[in-house]
Structure formats: C-alpha cells, structure tokens
Amino acid sequence: MAEDLKINQGTKIENYKTLIPQIVALIDGEPDLIANLANIAASLKEQFGWLWVGFYLVKEQELVLGPFQGPVACTRIKKGRGVCGTSWQQAKTLIVPDVEKFPGHIACSSLSRSEIVIPVIRRNEVVAVLDVDSTALDAFDAADKEYLEHTISLIEWH
Ligand code: SME
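Please read all numbers here as calculations on a predicted model, not as lab measurements.

Trainee: Even after reading the chapter, I still don't get the site of the ligand, so can you show me in this structure?
Mentor: Inspection of the region around the ligand gives 13 residues, with Val83, Cys84, Ile106, Cys108 and Glu115 positioned closest. In this structure, an oxygen atom belonging to the ligand sits 2.8 Å away from a main-chain N or O atom of Cys84. Here an oxygen atom of the ligand sits 3.4 Å away from a polar atom, N or O, in the side chain of Asp131. Coverage of the ligand by the protein amounts to 98% of the 310 Å² it exposes when considered alone. Among the secondary structure elements, those contributing two or more residues to the shell around the ligand are β1 (52–59), α3 (82–90) and β6 (125–134). Per-element accounting of the shell around the ligand gives the leading share, three residues, to α3. Along the lines of polarity and charge, the residues of the shell around the ligand split into eight nonpolar, two polar and three charged.

Calculation criteria
Residues numbered from 1 in each chain as written. Predicted model: local features only at pLDDT ≥ 70, side-chain atom pairs only at ≥ 80, totals over all residues. Heavy atoms only, no water. Near = heavy atom within 4 Å. Polar contact = N/O pair within 3.5 Å; in protein donor to acceptor, adjacent residues only side chain to side chain. Areas by Shrake-Rupley, 256 points an atom, 1.4 Å probe, with all protein chains shown as cover. Helix = DSSP H or I, 4+ residues; strand = E, 2+ residues; numbered from the N terminus. Nonpolar A, V, L, I, M, F, W, Y, C, P; charged D, E, K, R; others polar.

Next comes the structure, spelled out in structure tokens:
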C-alpha cells in the first residue's frame, strides 16, 4: 500500500470520489480501530484542509477525544452538550453553518466558524462521532453529510 495520498483539486464531490477509494485502501486489512481512525482523520484533513477533523469515542457515558488532526481540543464531552454531544443524543448528523448561533456550542478553537458532526452507529448505538470544523462560515452541506456518512460506514468497529 502506498502511504502517499493523492490530493485532488476538483469540485468537492470529485474530491470525495477520489479520496474514498484511497481511504478504503488505507484501512483494508488493518484490524486496529485506532490506526484506521487516525488515517481517516489525516486523509480528510489533507484533502480538504479543514481546521479540525477527528473522532470522539463513547466511553462510559461520555465522548472522549480520539484520533484527530488539528489544534488541541477538549478531551471529554457529555451527552447533549455542544454539537458533538447533541449529535450523539439525537443519533443524527448535525450541520452547523454558524457555530455562534448554535446554543451550547463548545468552542475548542476560536477559529472554528462552522461544523458538521456525524454519529457512528453500530447495532443501534452511537459508538463515536466524527467532528469536522472549518474556519469558513457555512462550509458544509448535504454532499458532506452523504460522503462523510459513507466514509464512516467503511470502518469496521471492534
Ligand atoms: N465544537 C464541538 C466540540 C469539539 S471541537 O470543535 C473539536 C462541539 O460543540 O461539540
């Protein structure tokens, strides 16, 4: 497996379409969850240049910081708190076009302006969330929801 990621410079959808097969190749045959989450976060950050891309894992009724790329972040988030805790509670993807307008948003970085959080659901339980932050307002749309949900469906959860 080549460790170099091929970065595409097309439309967002074209970029997802060239990135996702590379993510499949990166995680193929690797059973270690943390290694795979780390490479997924790195691939997304490298292709799209977002401020922060990472996972929070559900551990004993809290979200605990997992593999990520970007500035240091808060370590634990309670259910129902912030965008991540709300996505966990509602078990659905949340797109926040302007974080300042989301009540209870947890500002890990003052540079974050918009955010998308996708829950990872296995056997009807949220086991983690993927959180992506952008320095641009309104950076995420239905295409991000579709392709990021697809990306996390590729992860084998142990
Ligand atoms: N903004 C998130 C917290 C996590 S950081 O952005 C990395 C939230 O409101 O849940």
